[in-house]
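Residue-level structure breakdown
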Amino acid sequence: MTKRACAVVAMLASVTAACSHPAADKPLPPLNPRATSLGSGFGTMDRLVEAARHEGVLNVVGLPRTWAGYGEIIDRFSGKYGIKVVSTAPEASSKQEIDLAAARGNGKDAPDVLDLSMDVAVANAKRFAPYKVSTWSDIPDDLKDATGRWFGAYGGCMSIGYDPRKVPTPASYAALARPGTVVALAGDPLRVASAFSGVMAASLSGGEPDAAKGVDLFARLKKGGMLGQPEQATAVVDWDYMNAARAARGKGGAAWRVTIPAGTALASYYVQAINAQAPHPAAARLWTEFLLSDEGQNLYLKAFARPARMEAMEMRGSLDGDAAEKLPQVPGTPVILTIPQQDQAKAYLKTHWAQAVGQPG
């Protein structure tokens, strides 16, 4: 045999040996449904899926089907993995989600996962199980807890949705005080995060929040009989993904439009957390992996919400470009309120809102 033939035989033998002992043959970690990462508790996504399917159920709370695409997200997850999703109290606020989790303890009907405003997640971090999804490095540092107890999934900017047949494009929140306009918030700002953020978007001046300014505007609207409910409103102050969804389905048969006034772009992200007492811990971890996967993130985007991994996905070419082009335009750099700013503003509203505004409508 020639030296060349010997070399070829040796090479083939080497390749055969490598194929028979791949790196994937290394021992997998013991199955641990309450692990802090995919690698430490399952080793592979297939093992996580198998463990979640064995549990068979995922309990969610505070997820309206019309909110940020959750109707399609839940259906896609359930269909893909064969896991029944049980939705409890879909209209619950972040605080109510926490209360419900506390009330149900480690019962079989306790929520496995929670979808929360960041301030509520930070205040209740000890209630959550640490878990870092496979795409952890793509989530901006300011949108995640270093230990993995909560992490951003999607967000948006506060906006004004309006009926162009009845309202000219509002150049500012103050422009909503135009006679004949009926303005709505997405609930009570003392209890609903999106309504609170609506007041705070109206409060921005030079990028700084002034809760008194926001309360004063809505007090004037109330006094003028211009504050009502979203169903009858000609202008709704809400997250851009909610107003964009109204525009997509033609709210009230109108050509509903969405605008974010210059100088008042207020952004916020909702975060995911796994209940430390989740009755279905593997399904809970699979859910978060799905939400932070390219597929899950693009489902948020399809519903006009801005994925937490948007920048990284755009760089890799995995972002749904067509959906991204449909997002409302954001003028300038959005402001994200710090926790102390939120706390200060909430204290002001707690003292002044009821007396100045009361309930809308």
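Residues numbered from 1 in each chain as written. Predicted model: local features only at pLDDT ≥ 70, side-chain atom pairs only at ≥ 80, totals over all residues. Heavy atoms only, no water.

1. Focus on the overall build of the chain
- Within the chain, the regular secondary structure consists of 14 helices and 11 strands.
- Its C-alpha atoms give the chain principal-axis dimensions of about 95 × 50 × 35 Å.
- Buried residues in the chain amount to 50% of all 361 residues.
- When contacts within the chain are restricted to residue pairs at least 6 apart in sequence, those whose partners lie at least 24 apart make up 72%.
- Total accessible area on the chain stands at roughly 16,800 Å², and carbon and sulfur atoms take up 55% of it. (Helix = DSSP H or I, 4+ residues; strand = E, 2+ residues; numbered from the N terminus. Buried < 20%, exposed > 50% of the residue type's maximum accessible area, 1.4 Å probe, protein only. Contact = heavy atoms within 4.5 Å. Areas by Shrake-Rupley, 256 points an atom, 1.4 Å probe, with all protein chains shown as cover.)

2. What to know about the packing of aromatic side chains
- Scanning all chains against the criterion turns up 15 aromatic pairs.
- Measuring from ring centre to ring centre gives 5.5 Å for Trp67 and Tyr241, while their planes differ by 90°; the resulting arrangement is edge-to-face. Here the residue Trp67 occupies a position in the loop between strand 1 (57–61) and helix 4 (70–81), and Tyr241 occupies one in helix 9 (residues 240–249), the gap between them amounting to 174 residues.
- Take Trp67: its relative accessible area is 13%, and that puts it in the buried class.
- An aromatic cluster of three or more residues is present, and its members are Trp67, Tyr70, Phe77, Tyr81, Tyr154, Trp239, Tyr241, Tyr270, Trp287, Phe290 and Tyr300.
- Taking NZ or CZ as reference, Lys346 lies 5.5 Å from the ring centre of Phe196, over its face. (Phe/Tyr/Trp six-rings, centres within 6.5 Å; stacked < 30°, edge-to-face > 60°. Lys NZ or Arg CZ within 6 Å of the ring centre and 35° of its normal.)

3. Observations concerning the pairing of strand 8 (residues 235–239)
- The element strand 8 is extensively covered by neighbouring structure, given that 5 of its 5 residues are classed as buried.
- In terms of strand pairing, strand 5 (residues 151–162) meets strand 8 through 5 bridges, oriented antiparallel. What sits directly across from Ile160, in strand 8, is Val237.
- Where strand 6 (residues 183–185) lies against strand 8, 3 bridges are found, and the strand directions are parallel. By the bridge assignment, Val183 is partnered in strand 8 with Ala235. (Pairing = 2+ DSSP bridges.)

4. Points about unusual backbone geometry
- At Ala89, a residue that is not glycine, the phi angle is positive and equals roughly 40°.
- Among the structural elements, Ala89 can be located in the loop between strand 2 (84–88) and helix 5 (94–104).
- Positive phi values are uncommon outside glycine, yet Phe304 reaches one of about 80°.
- Its place among the elements puts Phe304 in the loop between helix 11 (294–302) and strand 11 (306–307).

5. A look at the side chain of Asp115
- The topology assignment puts Asp115 in strand 3 (residues 113–117).
- Comment: no salt bridge for buried Asp115; closest opposite-charge side chain is Lys346, at 14 Å.
- In terms of polar contacts, Asp115 uses its side chain to reach the side chain of Tyr70, at 2.6 Å.
- When near neighbours in sequence (up to four residues on either side) are disregarded, Asp115 contacts Leu63, Trp67, Tyr70, Ser94, Glu97, Tyr154, Tyr270, Val271 and Gln272. (Lys, Arg positive; Asp, Glu negative; His and termini not counted. Salt bridge = Lys/Arg side-chain N within 4 Å of Asp/Glu carboxyl O. Polar contact = N/O pair within 3.5 Å; in protein donor to acceptor, adjacent residues only side chain to side chain.)

6. A word on the packing of helix 4 against helix 10 (residues 281–291)
- In the contact formed by helix 4 and helix 10, the axes pass within 11 Å of each other and the chain directions differ by 120°. Relative to helix 10, the element helix 4 lies oblique. In this structure, helix 4 crosses over helix 10, and the sense of that crossing is right-handed. Across the interface between the two elements, Tyr70, Ile73, Ile74, Arg76, Phe77, Lys80 and Tyr81 of helix 4 pack against Ala283, Leu286, Trp287, Phe290 and Leu291 of helix 10. (Axes fitted to C-alpha atoms, helices over the stretch in contact; angles between N-to-C directions. Parallel < 35°, antiparallel > 145°, perpendicular 65-115°, else oblique. Left-handed = near helix turned anticlockwise from the far one by under 90°.)

7. Regarding the environment of Val86
- For Val86, the location among the structural elements is in strand 2.
- Given the relative accessible area of 31%, Val86 is considered partly exposed.
- Sequence-wise, Val86 and Asp109 are 23 residues apart; in three dimensions their C-alpha atoms are separated by 8.9 Å.
- Not counting residues up to four positions away in its chain, the partners in contact with Val86 are Val57, Leu58, Asn59 and Val60.

8. Topic: helix 8 (residues 211–223)
- Here helix 8 spans 18 Å end to end across 13 residues, near enough to the 18 Å set by a 1.5 Å rise per residue.
- The elements touched by buried residues of helix 8 are strand 6, helix 7 (193–203), strand 7 (227–228) and helix 14 (339–356).
- Just downstream of helix 8 lies Gly225, where phi reads positive at about 70°. (Expected span 1.5 Å × (residues − 1).)

9. Focus: the side chain of Arg285
- Among the structural elements, Arg285 can be located in helix 10.
- For the buried Arg285, no salt bridge exists, and the shortest N-O distance to an oppositely charged side chain is 7.4 Å, to Glu55.
- For Arg285, the side chain forms a polar contact with the main-chain oxygen of Pro281, separated by 3.0 Å.

10. A closer look at helix 11
- Buried residues of helix 11: Gly296, Gln297, Asn298, Leu299, Tyr300 and Leu301, and no others.
- A positive backbone phi angle near 80° is found at Phe304, which sits one or two residues after helix 11.

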